[in-house]
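What follows is each chain in one-letter form.
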Amino acid sequence: MFTLTEVASLNDIQPSYRKLKPWWDVFMDYLGVVMLMMAIFAGTMQLTKDEVACLPILNGAVTRAEKHMGTLTGVRTQLDFQQYVFVNQMCYHVALPWYSKYFPYLALIHTIVLMVSGNFWFKYPNTSSKIEHFVSILGKCFESPWTTKVLSETACEDSEENKQKLTGASTLLKHLSTNNEDGNENQTAPMPNSSVSFSTERLVSEMASMTKLDKKDDEQAKALFEKVRKFRIHVEDSDLIYKLYVIQTVMKAVTIILVLAYTMPIVASVDFEHLCEPAIKHLTGYIKFQCTHNLAFMLKKLLISYIIVITVYGVICIYSLFWVFRRSLKEYSFEKFREESRFSDIPDVKNDFAFLLHMVDQYDQLYSKRFAVFLSELSENKLRLIGLNHEWSVEKLRNHINRNSQDKLELILYKLSGVPDSVFNLTDLEVLKLDSIPEAQLTAKISQMTNLKELHLCYCPAKVEQLAFSFLRDHLQCIHVEFKDVAEIPSWVYLLKNLRELYLVGNLNSDNNKMMGLESVRDLRHLKVLHLKSNLTKIPTNITELSPHLTKLVLHNDGTKLLVLSTLKKMMNLTELEIHNCALERIPHAIFSLNSLQEIDLKSNYIRSIEEIISLQHLKNLTCLKLWHNSIISIPSSISQVKNLESLYLSHNQLESLPPSLFHLPKLRYLDVSHNSITDIPLEVGFLQNLQYFAITSNKVKLVPQQLFTCFKLKALYLGYNLISSIPDAVGQLVHLTHLELKGNCLNCLPPQIGECSLLRRSGLVIEEHLFDMLPLNVKEHFSLES
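Residues numbered from 1 in each chain as written. Predicted model: local features only at pLDDT ≥ 70, side-chain atom pairs only at ≥ 80, totals over all residues. Heavy atoms only, no water.

Let's talk about the overall build of the protein chain
Phase 1: The helix and strand inventory of the protein chain stands at 21 helices and 24 strands.
Phase 2: The burial tally for the protein chain puts 51% of its 787 residues in the buried class.
Phase 3: Taking as baseline every contact in the protein chain between residues at least 6 positions apart, the subset at least 24 positions apart corresponds to 57%.
Phase 4: Just so you have it, the protein chain exposes about 37200 Å², and 54% of that area is on carbon and sulfur atoms. (Helix = DSSP H or I, 4+ residues; strand = E, 2+ residues; numbered from the N terminus. Buried < 20%, exposed > 50% of the residue type's maximum accessible area, 1.4 Å probe, protein only. Contact = heavy atoms within 4.5 Å. Areas by Shrake-Rupley, 256 points an atom, 1.4 Å probe, with all protein chains shown as cover.)

Here's what the structure looks like:
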């Protein structure tokens, strides 16, 4: 026989699992223990005291009534002891009802089935692992110091405070929508409220300043956020736990119905006296025996008690079924907690995750509230910000500040979990770059950065609070935004009324472009520079609305051919135009009417012919023309008609010669024809008396004409990587020369007159070491002098 401890272990679960046991399951567990004790008690009694005592009925005609009247008394039966034992055993099996003999075993089986059914979802491998993981995370969330701090600071906001904040927010939005651009304008461009949203939650930075968490608790909380995130993804995909719980509950109900169905009718068959006809007359000489069952009364009472207990068990089981089916347990809403707390972003959950939370609520709803803290992104951002503020002090940030190429104080923050509050204390900062910070938020403290004029958002869809936006709108002059899809551009960027320069780098040709894209660019009435690095096939028509004030337009494609350029004709105030990598095959005709143009840059296209360059003579203000990195094979003589040209970039093309007319540009100061296949430098090069920079590196030049050294204003001369075998002595006439490159040629020596270039130093002289060593000592000493 089993011991009570061994059988009760079937109903035993880990103590931590009790959080998932509602009151009815607990009550049914106790009833199961009662039934188990009854079964074991009955079994013990049966094994130790269960007996049947039988006496023969003479002549087979003795009735119970006659026996009570005392008609048969003191009759000797002629049976010995062994025969009585034999008869008792035979009658135990023949006359005794089967239920009286097997009740303890049946009760034990019923109880085991109910116990197994009640806890099967804790034992089944596919569910037990998830439950164990959930209970482990739940306990850690409940005990986490982070949960306690967050709930104590944010769970119960004062309703009057909320009212005041909402009133203030609506007032500020109204102010933003009605504010004038400047004193001379009576109205502003309409604010696209449908697409612009600001952070209306309580400042994460405010909450972070109220909380202090040691490093160990901080790391534990971060790990819990990650565990909860992964667990949610894993569990929300299926409803196996829910289905298994429903199945086991239904199985218990069916088991109880079956037990009651066959148990109740046989209660009456459990009796003290029984008539036995064992067919052993040939052994005893008697046909019938009158038998008594000594445990009948006890078994009957136990059976009735068992039926009562199992009936109560069944009623509770039916109630549990009602609770399961009365509403969907595969959906769980944190709506009430969202209303009570500051964390309005706590998501509703579904499937097994929702079911487990419903079960926990039957134990203690505080567990779900504490668990919800780790489902909130705001809560996680707050934790990150606390860690950031602790790690990135003002002193550490100052060590990362550098001066950029424009001599501005610049700070770059890369792949942080947020923007540290200490950044906003850098009041002298001029340029702030936020790179790959998906949870960046600019708070009202940014208003302290009075020198901030330039902001970079690289794959960083930063959110701004209303006060922060108000400051940026009035003070920010330049913003760079890099993105993968146009929908990632923060909508508030289009409302920065004082913005002077806008740089957009990313996919502007997506489906979202039809909805938002550059629709709101027209509202930037003070914009002077627009830089688009994307995959455009045509210039967006909205840009033309900027034409009255736009002075610089930059279009950088990824190789996508720019087909439509007619829109350019309307930008009459453009002074600089860059069209890079747009697969252009000719100089666009649309630019010939832009009379204000001063610089044209058509780098990295497929231009082969520039015959239409003569049309540039009408652009009287054009001083710089960049046609580098193309496939140009020749320069037309008509280039001499562009009289005002000062800088000409023709490097990285397929030029084989330079026309003499090229050197009839009297104002030309910068000429770069490097990386071509040019074999000769025309003698007319001497006409360029204003030439200061000449580069013909990486060509096939063999001879350097004397006339080149009559360009006395030359400061930089690059003749490297050609086939030059000698340098004329006239090189000494270039007294303004500071950079001279001769490396990669066929030179055997340098003329000593090179030392007459008074401004040339060793750092500016690019030659092979052996050539330098061959120079006279006084020349080498001259080059060694510091500037």
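A word on the state of the cysteines
Phase 1: Under the counting rule described, the total for this entry stands at two disulfides.
Phase 2: A sulfur-sulfur separation of 2.0 Å characterises the disulfide bridge that pairs Cys54 with Cys291. On the sign convention where negative means left-handed, the S-S torsion of about 110 degrees between Cys54 and Cys291 marks this disulfide as right-handed. With Cys54 in strand β1 (residues 52-57) and Cys291 in strand β3 (residues 288-293), this pair connects stretches of sequence that are 237 residues apart.
Phase 3: Between the sulfur of Cys91 and that of Cys276 lies a disulfide, 2.2 Å long from S to S. An S-S torsion of about -95 degrees defines the bridge between Cys91 and Cys276 as left-handed. Taken as a pair, Cys91 in helix α4 (residues 81-94) and Cys276 in strand β2 (residues 273-276) lie far apart in primary sequence, 185 residues in all.
Phase 4: A relative accessible area of 1% means that Cys91 is categorised as buried.
Phase 5: Relative accessible area serves as the criterion here: at 1%, Cys276 is assigned to the buried category.
Phase 6: Numbered by order of appearance in the sequence, the disulfide-linked cysteines of the protein chain pair as 1-4, 2-3. (Disulfide = S-S within 2.5 Å.)

Considering a nonpolar patch on the surface
Phase 1: On the surface, Trp23, Val26, Phe27, Tyr30, Ile304, Ile308, Val312, Tyr319 and Phe322 cluster together into a nonpolar patch covering about 870 Å² of accessible area.
Phase 2: For the nonpolar patch, the secondary-structure elements that each account for two or more residues are α2 (23-49) and α13 (296-325).
Phase 3: It is α13 that provides the largest number of residues to the nonpolar patch, a total of five residues.
Phase 4: Turning to its location among the elements, Tyr30 is positioned in helix α2. (Patch = residues over 30% accessible without salt bridge, like charges linked within 9 Å, V, L, I, M, F, W, Y side chains within 5 Å. Salt bridge = Lys/Arg side-chain N within 4 Å of Asp/Glu carboxyl O.)

Observations regarding helix α10 (residues 215-235)
Phase 1: Taking 1.5 Å per residue as the helical rise, α10 with its 21 residues ought to reach 30 Å, and the 30 Å between its terminal C-alpha atoms agrees with that figure.
Phase 2: Turning to α10, its buried residues are Asp217, Asp218, Ala221, Leu224, Phe225, Val228, Phe231 and Val235. Looking straight down α10, one finds its buried side chains confined to an arc of 155 degrees; they lie on one side. Away from its buried face, by an angle of more than 90 degrees, α10 presents the exposed residues Lys215, Lys216, Lys230 and Ile233. (Expected span 1.5 Å × (residues − 1). Arc of directions from axis to C-beta.)

Points about the sheet that holds β3
Phase 1: Here three strands make up an open sheet; going across it, the order is β1-β3-β2 and the pairing antiparallel. Only two strands of the sheet have a single partner each, and these edge strands are β1 and β2. Strand-to-strand twist across the sheet, computed as the mean angle between neighbouring axes with direction ignored, equals 25 degrees.
Phase 2: With six bridges joining them, β1 and β3 adopt antiparallel strand pairing. Paired with Cys54 across the bridge in β3 is Cys291.
Phase 3: Sitting on the sheet, α4 touches β1, β2 and β3, and the angle it makes with β1 is about 105 degrees. (Pairing = 2+ DSSP bridges. Axes fitted to C-alpha atoms, helices over the stretch in contact; angles between N-to-C directions.)

Some words on the packing of aromatic side chains
Phase 1: For the structure shown, the criterion picks out 28 aromatic pairs.
Phase 2: Aromatic side chains Trp24 and Tyr319 sit 5.6 Å apart centroid to centroid with 70 degrees between the ring planes, which places their arrangement in the edge-to-face category. Pair noted here: Trp24 is in helix α2 and Tyr319 is in helix α13, with a separation of 295 residues, a long-range link.
Phase 3: Centroid distance Tyr649 to Tyr670: 4.6 Å. Interplanar angle 25 degrees. Geometry classified as stacked. In this pair, Tyr649 sits in strand β19 (residues 647-649) while Tyr670 sits in strand β20 (residues 670-672), placing the two residues 21 residues apart along the sequence. Side by side, Tyr649 and Tyr670 carry an identical accessibility label, which is buried. (Phe/Tyr/Trp six-rings, centres within 6.5 Å; stacked < 30°, edge-to-face > 60°.)

Some details on unusual backbone geometry
Apart from glycine, the bulk of residues carry a negative phi angle, and the bulk of peptide bonds sit in the trans form.
Phase 1: For Lys415, which is not glycine, the phi dihedral falls at a positive 50 degrees.
Phase 2: We note that Asn581 has phi near 55 degrees; this positive angle belongs to a residue other than glycine.
Phase 3: Tracing the backbone through its elements, the reader meets Asn581 in the loop between β16 (576-580) and β17 (599-601).

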